[in-house]
Amino acid sequence: ITIEDDHPARNRQQTDKMLADSSLNPADRDLARKIFRRIGEAEAKVHATELGQVHFHEIGAVDSIVDIVGAAIALNRLLVGQVLCSPLPIGTGTIKTEHGNYPLPAPATLELLKGCPARSDDSGLELVTPTGAVIAAEIATFAPLPAMTIEAIGYGLGTRDIEGRPNVLRGIIGETADPNGNTDTVSVIET
């Protein structure tokens, strides 16, 4: 990844062109572009504008681009048949954005999670960002942990210290079996 010293905010077309012109593996590039399109559609709806007019602020920053592209690469390398995700914890309170203070969950996050199970959390913190919401909404089916043989476990640790709880994203890879003897490799994401 080449990162310039200047990290400009990008609009959706710039982000899409950057990804389209990248040297990424086609499957990784296509998934990253699909994820960015989904967040662009949510932002367009929230801001009552056209997809072509969407300007990414925080989501156009280098860290969000790296998160989304990294997730696309990792998901394609895992070769899992299905990704399952537990209900996401939606915090309350407010968050400061370039547009001012917004209620949590942020409008784009809420739009992205439409149709996805979520659970209330009274931490007063943003526990699901638009980046996390779009990745989960795009790649996962929301379901409880199935009966499975666990093969690998991975943890991602956040940088914010949250009193009384870990700031952790956990991924579990395993194999499920149905009564007919068919198996699937499954990845489970939990926060």
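Above this text you will find the structure in question.
Only a predicted model underlies this, so the values are computations on that prediction, with no experimental measurement involved. (Residues numbered from 1 in each chain as written. Predicted model: local features only at pLDDT ≥ 70, side-chain atom pairs only at ≥ 80, totals over all residues. Heavy atoms only, no water.)

1. Some remarks on helix α2 (residues 26-46)
Piece 1. With 21 residues, α2 should reach 30 Å at 1.5 Å per residue; the first-to-last C-alpha distance of 30 Å fits that figure.
Piece 2. All of the buried residues along α2 are Asp 28, Arg 29, Leu 31, Ala 32, Ile 35, Phe 36, Ile 39, Gly 40, Ala 42, Glu 43 and Ala 44.
Piece 3. Check the buried side of α2 and you find it contacts α1 (12-20), α3 (62-78), α4 (107-112) and α5 (130-139).
Piece 4. Regarding α2, its N-cap is Asn 25, as a side-chain oxygen of that residue lies 2.8 Å from the backbone nitrogen of Ala 27 further along.
Piece 5. Trailing α2 by a residue or two, Ala 48 shows a phi angle of about 50°, which is positive. (Helix = DSSP H or I, 4+ residues; strand = E, 2+ residues; numbered from the N terminus. Expected span 1.5 Å × (residues − 1). Buried < 20%, exposed > 50% of the residue type's maximum accessible area, 1.4 Å probe, protein only. Contact = heavy atoms within 4.5 Å. Polar contact = N/O pair within 3.5 Å; in protein donor to acceptor, adjacent residues only side chain to side chain.)

2. Topic: the side chain of Asp 28
Piece 1. Relative to the helices and strands, Asp 28 resides in helix α2.
Piece 2. The buried category is assigned to Asp 28, whose relative accessible area is 2%.
Piece 3. Of note is the side chain of Asp 28, whose polar atom sits 2.8 Å from the side chain of Asn 76.
Piece 4. Among the polar contacts made by the side chain of Asp 28, one reaches the side chain of Arg 77 at a distance of 2.8 Å.

3. Considering unusual backbone geometry
Piece 1. A cis amide bond links Leu 104 to the next residue, Pro 105, at an omega of -5°.
Piece 2. Along the polypeptide, Pro 105 turns up in the loop between β4 (100-103) and α4.
Piece 3. Here Ala 48, not a glycine, exhibits a phi torsion of approximately 50°, which is positive.
Piece 4. By the secondary structure assignment, Ala 48 is in the loop between α2 and α3.
Piece 5. For Leu 79, which is not glycine, the phi dihedral falls at a positive 55°.
Piece 6. Looking at the secondary structure, you find Leu 79 in the loop between α3 and β1 (82-85).
Piece 7. The class for Leu 79 is exposed, based on a relative accessible area of 69%.

4. Some details on α3
Piece 1. With 17 residues, α3 extends 24 Å between its outermost C-alpha atoms, agreeing within 8% with the 24 Å of an ideal straight helix rising 1.5 Å per residue.
Piece 2. In the core, the buried residues of α3 are packed alongside α1, α2, β1 and α5.
Piece 3. Just beyond α3, the residue with positive phi is Leu 79, at close to 55°.

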